[in-house]
Amino acid sequence: MTESAVVGLIVNPAAGRDIRRLVGGASVMPHHEKAAILRRVLRGLDSAGVARARYLPDGVGIVDAAAAVPGLRLQLQALPIRPQGFAGDSIEAARLLAADGVGAIVTLGGDGTNRAVATTCARVPLVAVSTGTNNVVPTMVDGTIAGLAAGLVATGTVAPDDVAPASKRVEVSADGVDDVALVDVAACRDAFRGAAAIWDPARVRAIVLSRAEPWAVGLSSIGGGLRPIAAHEPCGLYVELGDAGGTDPRVRAVLAPGLTADVPVRSHRMLALGEEVALPGTDGIVALDGERELPFRGRVTARVTADGPRLVDVRRVLALAAGAGLTSHAG
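The notes below deal with the structure included here. No experiment lies behind these values; they were computed from the predicted model shown.

Take the packing of helix H4 (residues 87-100) against helix H5 (residues 111-118) next. It is at 7 Å that the axes of H4 and H5 come closest, and there the two elements cross at 40°. Between H4 and H5, the interaxial angle falls into the category oblique. In this structure, the crossing between H4 and H5 has a hand that is right-handed. The segment H4 lies against H5, with Ala87, Ser90, Ile91 and Ala94 engaging Thr113, Ala116 and Val117. Here the residues of the contact of H4 with H5 are counted per class, giving 5 nonpolar, 2 polar and no charged.

So, about helix H6 (residues 143-154). Taking 1.5 Å as the rise per residue, H6 with 12 residues should run 16 Å; its terminal C-alpha atoms sit 16 Å apart, in good agreement. For H6, the set of buried residues is Gly143, Ala146, Gly147, Ala149, Ala150, Gly151, Leu152, Val153 and Ala154. In this structure, the buried side of H6 is in contact with strand S1 (6-11), helix H2 (31-47), strand S4 (104-109), strand S5 (126-130), helix H7 (160-163) and helix H9 (314-323). In the segment just after H6, Gly156 is the residue with positive phi, at about 85°.

Moving on: the sheet that holds strand S11 (residues 250-256). Pairing is antiparallel in the open sheet, where 7 strands are placed in the order S11-S12-S10-S9-S8-S14-S15. Only two strands of the sheet have a single partner each, and these edge strands are S11 and strand S15 (291-297). Sheet twist, expressed as the mean angle between neighbouring strand axes with direction ignored, is 35°. Across 4 bridges, strand S8 (residues 184-188) lies against strand S14 (residues 283-288) in antiparallel orientation. The residue bridging Cys188 from the neighbouring strand is Ile285, located in S14.

Let's shift gears to the sheet that holds S4. As summarised here, the arrangement of the 5 strands in space is S3-S2-S1-S4-S5, forming an open sheet in which the pairing is parallel. Each edge of the sheet is formed by a strand with only one pairing partner; in this case those strands are strand S3 (75-78) and S5. This sheet shows a mean twist of 20° between the axes of neighbouring strands, independent of strand direction. For S1 and strand S2 (residues 52-55), the ladder comprises 4 bridges, and the chain directions are parallel. Bridged to Val6 within S2 is Arg52. Across the face of the sheet, H5 comes into contact with S1, S4 and S5 while running at roughly 150° to S4.

As a further point, take the side chain of Thr131. With respect to the helices, strands and loops of the structure, Thr131 is situated in the loop between S5 and H6. Within the structure, Thr131 has its side chain in polar contact with the backbone nitrogen of Gly109 (distance 2.9 Å).

Our focus in this paragraph is unusual backbone geometry. Positive phi is not limited to glycine here, since Ala122 has a value of about 55°. Judged by relative accessible area, which is 56%, Ala122 ranks as exposed. Unlike most non-glycine residues, Asp175 shows phi in positive territory, near 55°. The residue Asp175 is located in the loop between strand S6 (169-174) and strand S7 (177-181) in this model.

The rules behind each value
- Residues numbered from 1 in each chain as written.
- Predicted model: local features only at pLDDT ≥ 70, side-chain atom pairs only at ≥ 80, totals over all residues.
- Heavy atoms only, no water.
- Axes fitted to C-alpha atoms, helices over the stretch in contact; angles between N-to-C directions.
- Helix = DSSP H or I, 4+ residues; strand = E, 2+ residues; numbered from the N terminus.
- Parallel < 35°, antiparallel > 145°, perpendicular 65-115°, else oblique.
- Left-handed = near helix turned anticlockwise from the far one by under 90°.
- Contact = heavy atoms within 4.5 Å.
- Nonpolar A, V, L, I, M, F, W, Y, C, P; charged D, E, K, R; others polar.
- Expected span 1.5 Å × (residues − 1).
- Buried < 20%, exposed > 50% of the residue type's maximum accessible area, 1.4 Å probe, protein only.
- Pairing = 2+ DSSP bridges.
- Polar contact = N/O pair within 3.5 Å; in protein donor to acceptor, adjacent residues only side chain to side chain.

Pasting the structure below:
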């Protein structure tokens, strides 16, 4: 066990507050609830023997409110970042935390937050706690359990190799620009980025998915209704959408909290890992994990690989710890 274990904390204050929640009539994730979740994470980390936590300043007081934990032993240290309110905050924080050699990173956010973190966190295991709008990668787990699991991994009490395998991702190339998504890449008809989040399937031409679970929220739920793909399966899924007024068969999807749609699907097929597919259209916007990011004019290709971030299986961490008697103490 490492006595001086350090864990990173990245809380996205904007997660769970985008336009998709307004369209679907869902409530936003308030800052005080994120603070309450993070407060429980800190208690879990402390219980696991973590000595220090380095965090991304959020600019709205979430971490400050969470830190008011009586008797907390672990030290909190802010990263030298002035938050700007964009994904770059999380990207820079993950880079600094990886360079610092932290044993794990706990994120509070959705798929977009974890995508940003994954671009620079290298091989650091991620404990992704769901507070976003699309939450395919992060899980709904109590903050105390998430903090305890992160602490057990960071201290070496549970070996990271046993509980944090590399996940899949989707790699995309558009107009010579390369980028990645953790769950879905979509070729959209939009000429401008506009509101980044996608909730209208009529704007989407085709999607490449690393995973497709029927219970997911977002574009991946379209694939989940066609051919479910689990997170651990060594394959992906390509889906080409039909025209809204056409005769293509339709699949019921949950595109955002409170928002369902019957989506026309022209075709779909499995993708082997590393298999490249060209997305239809010669101009538009490429969306990554549900948010429009890359304008393109020309050819867009994508492929699913096994080079994604190491995602901690929280349940497996606690099960292994209990099975080895690591959570038992003499009375």
